Amino acid sequence: VVHKRMRDDIEAPRLLLLGCAIEYERDNKFSVLANLAHQEREYLRIAVNKIVAQAPNVILVEKSVAGVAQLMLLEAKVTVVLNVKRSVLERVAQSTGAVIVPSIELLGPAKASVPNQAKAHRSPGQEDTACQVVESGRFRVVMEPGQGK
């Protein structure tokens, strides 16, 4: 989980799987810094608004998330997990029926997934054999057997 103030125990999480980074890519290295900072903040505000419009409460991101975007998502009460391996995203997608979104520009209606009776919480470091566990670092999604199919 990116920020210690983000929720880490979520009943019935609404997941959004991103196969991209949430950051501003600078094209011109010779831009005026004030303009560049404003462009970056505006781009991230638009990107976060697109994400929040999906109404997820957990986002699993394959790559990184800019600090400004992390704070905006924290304010929106969205938990973010960074640097999730592609194989983990694929297992979560398969288990929940969610779609891995390759770019924020492709976000449209119904990209977030709500697995029935799933729980998202930080991993206590022990395996749970009664459930299917999809884990990434300290974060895991626990689903009862037979869910999300």
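The written sequence of each chain sets the order in which its residues are numbered from 1. Since the coordinates come from a predicted model, pLDDT governs what is reported: local features require at least 70, and pairs of side-chain atoms require 80 or more to be given and counted, while whole-chain, interface and lining totals use all residues. With hydrogens and water stripped out, all remaining heavy atoms of the structure feed into the side-chain values.

Colleague: Tell me what's going on with the pattern of salt bridges, and back it up with residues and numbers.
Modeller: Salt bridge, as used here, is a side-chain nitrogen of Lys or Arg placed within 4 Å of a carboxyl oxygen of Asp or Glu. Applying the stated criterion across every chain yields a total of three salt bridges. The partner of E42 in a salt bridge is R45, and the shortest N-O contact between them spans 2.4 Å. Here E42 and its partner R45 are both found in helix α1 (residues 33-53), three residues apart, which amounts to about one turn of the helix. Throughout this description, buried means an accessible area under 20% of the type-specific maximum (1.4 Å probe, protein chains only), exposed means over 50%, and partly exposed covers the range between. Relative accessible area serves as the criterion here: at 30%, E42 is assigned to the partly exposed category. Exposure remark for R45: the relative accessible area of 37% places this residue in the partly exposed category. Through salt bridges with shared partners, a single ionic network connects E62, R86 and E90. Elements are defined by DSSP. Helices are runs of H or I of four residues or more, strands are runs of E of two residues or more, and each kind is numbered from the N terminus.

Colleague: How would you explain the pairing of strand β2 (residues 15-18) if you had to name every residue and give the values?
Modeller: Neither face of β2 is exposed, since L15 and L17 on one face and L16 and L18 on the opposite face are all buried. In terms of strand pairing, β2 meets strand β3 (residues 58-61) through four bridges, oriented parallel. Looking across to β3, one finds that L16 is bridged to I59. Pairing between two strands is assigned when DSSP locates at least 2 bridges connecting them. Where β2 and strand β5 (residues 100-101) come together, two bridges link them in parallel fashion. Residue pairing across strands places L17 opposite I100, the latter belonging to β5.

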